Amino acid sequence: MSRYLLRRLGSAVITLWLLATIVFVVVSVLPSNVGRQILGPFAPQEQVDALNHRLGFDRPIIIQYLQSMRRVFTLNFGESYTSGAPVNDVIFPALWRSGKLALLAFIMTIPVSILAGIIAARRQDKLSDRAIVNLGLATSSIPEFVSAAVLLSIFCVHWKLGKAFANPPDGATIVQQLQYLWVPALAMAITYFGYLARMTRAGVISAQHSDYARTATMKGMSSSQVMRRHIMRNALAPTITVISVQIGYLFGGIIGVERVFNYSGLGSTMLIAVGKRDIPVLQGAVLLVGIIYMFSTLAADLLIAALNPRVRLEVSK
Amino acid sequence: MTITNPDNAVKAPASSALSVTDLEVVYNVRGIPREVLRGVSFHIAPGEAYGLVGESGCGKSTTAYAALRYLPRNGRIVGGTVSVDGQDVTAMSNERLREFRARDASMVYQDPALAMNPTLRVGRQLIESFTLLGQSKTDAEKSALDALRKVRIADPERVMDRFPFQLSGGMQQRVVIAMALACDPKLLVLDEPTTGLDATVEAEVLDLVRVLRQESDAAVLLIAHNLGIIRSLCDRVGVMYAGRIVEEGPSAEVFDSPQHPYTVGLLRALPRRGVRKTERALATIPGLLPLIGSPLPTCVFLDRCAIASELCHTTAPPLVAIGDGTGRFSRCHHVDRIGEIQETPVSVDIAMLNTSAKGADVLELTHVSKTFHQRNLAIPALVDVDLSLGEGETLGIVGESGSGKSTLAKTLLGIEAADEGGSVSLDGHFVAPLTTGRSADEKRSMQMIFQNPDSALNRSWTVRRILMRSVEKLTGIKGDEANTRVEALAAHLRLTPRHLDLKPRQLSGGLKQRVAIARAFAGDPRIVVCDEPTSALDVSVQAAILNLLADLQSEKKTSYVFISHDMGVVRYLADRIAVMYLGRIQELGPTDAVFNGPNHPYTEALLSAIPNVDGEERVRIRLDGEIPSPANPPSGCVFHPRCPRAMPGVCEVSEPPLREVEPGHLMRCHIPVEQLVEMQRTPTQG
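Cut-off values and rules
- Residues numbered from 1 in each chain as written.
- Chains lettered and ligands numbered in written order.
- Predicted model: local features only at pLDDT ≥ 70, side-chain atom pairs only at ≥ 80, totals over all residues.
- Helix = DSSP H or I, 4+ residues; strand = E, 2+ residues; numbered from the N terminus.
- Rg over C-alpha atoms; globule rule 2.2 N^0.38 Å.
- Buried ≥ 20, exposed ≤ 12 C-beta atoms within 10 Å, placed from the backbone.
- Contact = placed C-beta atoms within 7 Å.
- Nonpolar A, V, L, I, M, F, W, Y, C, P; charged D, E, K, R; others polar.
- Pairing = 2+ DSSP bridges.
- Axes fitted to C-alpha atoms, helices over the stretch in contact; angles between N-to-C directions.

(A) Focus on the overall build of chain B. Looking only at helices and strands, one finds 26 helices and 24 strands in chain B. Taking 686 residues into account, the globule formula puts the C-alpha radius of gyration at 26 Å, and chain B, at 26 Å, falls close to it. Overall, the C-alpha framework of chain B stretches about 75 × 65 × 50 Å when taken along its three principal axes. Residues classed as buried in chain B amount to 50% of the 686 residues present. Considering only contacts within chain B whose residues lie at least 6 apart along the sequence, 67% involve residues at least 24 apart.

Laid out in structure tokens, this is it:
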């Protein structure tokens, strides 16, 4: 088990290094003069040069690369070019905000989608199944910024049940924060509903057709006993995988939703950093998202191992 | 012969454990109900074993599942009754049906690995069977341990704690049987219980079922496509065709003197009584099984019957009793004319095959080994194999799973590279270990036919395109000329031009396999490796394919390496047989020598494990233990831990060499051949 974890962590480190390198390469090949970018077109050339020197942009590329790697592996990304604030003070609060939104979206979507998937599977090809499948198709094919805009105009503008600017004020209580967050979270939840529900449905249907489900039925178990004791465990593995991949995606922030609600999550932070060539912030944010991806897939693999003894025994070797 | 009133024939004896009467089942296919069972009637007494046989699509599995009212979502019982121990299964409420399945009826399935939940421990699944009967958790646990002991599982406590995938196939099936017997059922349905298991494991499971039958008075309904199993286990047998039972009677009588044209055809299609390709071709049944739901107003076998008369076209034959109350019935108007059924004339040129003097060796394997590496673990899958194959010769390869049969095939074809030190030579010159290093001509010369034509053929291509590509790739011929060649090839394989423009899924299993064979023969190969080419096919289709292979061989002098688990098939087609165990050739010799003995003790056990449709039972040699892992082979002779004739102090010390015991007959055994002859003298019972 610990060997497995070590192996996974080892490969995670390599992946992060690759990610950091890609970010560095992309930023380096962009034709830009960072000093000029920061100081604006009217600053004297000497000041621009001085700033570039202070930031290290006049050094050989290899030195720049090593510096950048040091920043990555010490998790100290330096200071934002634009605000001068430490990068960590920018990205961690953004991460925290994204996390709250993503968590709420998951709480809203997971139970409903899994339940809908199970109902659809048990009533396969009947009216309720078709309704769920088609609803799922519809919701997952609407882009999230469209549904976000629609929900915003309905709930925040028309009925005034939510806030159009989703950033809660400092010191807001949890209930107050929920008031701010529930509409953007709903927009995210709707996008994932169809995906998760269809995934669950497919998993349950294939487990229902399995030989072991037949064995259980022939033992004289009722269909709900068969479902609870034999089908669920096997049917949910693909759904769990999907959820875990989505965690990383949601944390990365569904930029569309964040923009519509003016929410300053990780996605918005990255978008702004790209626009301003704020490399330290961009680098920090991208790596943070990468780390979250890494951990969410690891968590999913461990969960699947917990559900499936075959994988578990393989893992614990 | 007396013909009694047909109505009496199917009357249920008062004491039936299972009584199926005029059962009709339909499957809804695209909204249209299609008849699958067209009035099936049979009865099984308590303690009796009844077999249902017939080719796929005849309705035997549907009958078995209908007996427990477990039909697919689109299936429906539309007529007739099923009663078990006097209770009408068709009329039960859902609650009652659950109770019935828990207490009165059980089932054992084809694939034990899939029949158990892979994520739950064996113990939990077994205990569940008892708690469903109302036992408390602790009682159920005790019962579960007892149940495992009853199915002769050593160390039941440990097995309870395992997951299904940690058990061997034979153990898995024992556990499933233990679950089925939990409630001491009135009716036990066995659906292909040993299909997919190795021969020696199959024999063990069948032995167990035989013993358990003595201990219980459950009525047994056995579904099996292997007629030998039915004969060895069942008191009576029903032969099904197109949703009807066409013949019924005591198993031995039905198999020895069939009284319905279909049964006659089925039995003649089997390679039995040691028949060889040099003696006669196998009989085939002309035509195809009618599609499910086709209207068959009179005799269901009419279109394929050789003795059908005017009467058969107008009147459905009743099930009539034959003889004097021996319980034999046939659904045929012309039972008295059964003897007139001619063997299907076939075109195999037997004389051509009957050349005892084989041509020069086309293939030679010298010291070929293949070791796989997995996580620093060396797994020798093939160990020092020496083989030669003459022109026009068939070498049969037999052995259980893990014996290295497929690795041997892959290595000689160059899909896997042989280890350093071994060599493969074709027509006297060495070829590269991998296909990538072999010339186009060498590749053309060695081709393969796979077990499952479904996955071997590109589903989205037409037959013509599949064959065109093979012709172009293998011979370099292009365009119109290639097309002409494809058409000639197809005609040769008895595929009509119409078939060429169909896609594989539009063809039957037999036709698909013909296309796969045509593909292999596209470049006039010297050697064709056939990996279980007929094991997915029905008996009558298998016969046609075997005839075709023999035919092609006699004409083109092609050599075959023929891998199969079916000893009857190997005996029919092979000139020589190699018996493999744990990657080693244990015995190699002419087919007759291998079947007549003396044998390597492993071959002896293998041959004795095969249930025979002719009722000739060899003295059963039981093997203890499981096939060892190739990663960790036993010391000395790899077979010694399971060998009933092993000599302590010798066999575990050194591995015997493969030595010639009589001309052309080699064995890897320490026991002197004279002694083996002595030990194996007990004659086979006729």
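Continuing now.
(B) Local environment of the overall build of chain A. When helices and strands are counted, chain A shows 15 helices and 0 strands. Counting only C-alpha atoms, chain A reaches 85 × 55 × 35 Å along its principal axes. Residues classed as buried in chain A amount to 36% of the 317 residues present. For chain A, long-range pairs separated by at least 24 residues make up 70% of all intrachain contacts whose partners lie at least 6 apart in sequence.

(C) Structural view of the interface of chain B and chain A. The partner chain A presents 17 residues to the 21 residues of chain B that form the contact. Broken down by secondary-structure element, the contributors of at least two residues to the side of chain B that touches chain A are α3 (94–103), α4 (112–115) and α5 (122–131) of chain B. Ranked by the residues each element gives to the side of chain B that touches chain A, the list is headed by α3 of chain B, at 4 residues. Residues belonging to the side of chain B that touches chain A are distributed by class as follows: 13 nonpolar, 3 polar and 5 charged.

(D) Spatial organisation of the sheet that holds strand β22 (residues 584–590) of chain B. All names here are of chain B. Reading across the sheet, the 8 strands line up as β18-β19-β20-β15-β21-β22-β24-β23 and stay open at both edges, with mixed pairing between neighbours. The outermost strands of the open sheet, each flanked by one partner alone, are β18 (446–449) and β23 (659–662). Here the average twist between neighbouring strands, direction ignored, is 25°. One ladder, built from 4 bridges, connects strand β15 (residues 394–398) with strand β20 (residues 559–563); its direction is parallel. Directly across from Leu 395, in β20, lies its bridge partner Val 561. Running at roughly 175° to β18, helix α21 (residues 509–520) makes contact with β18 and β19 (527–531) of the sheet.

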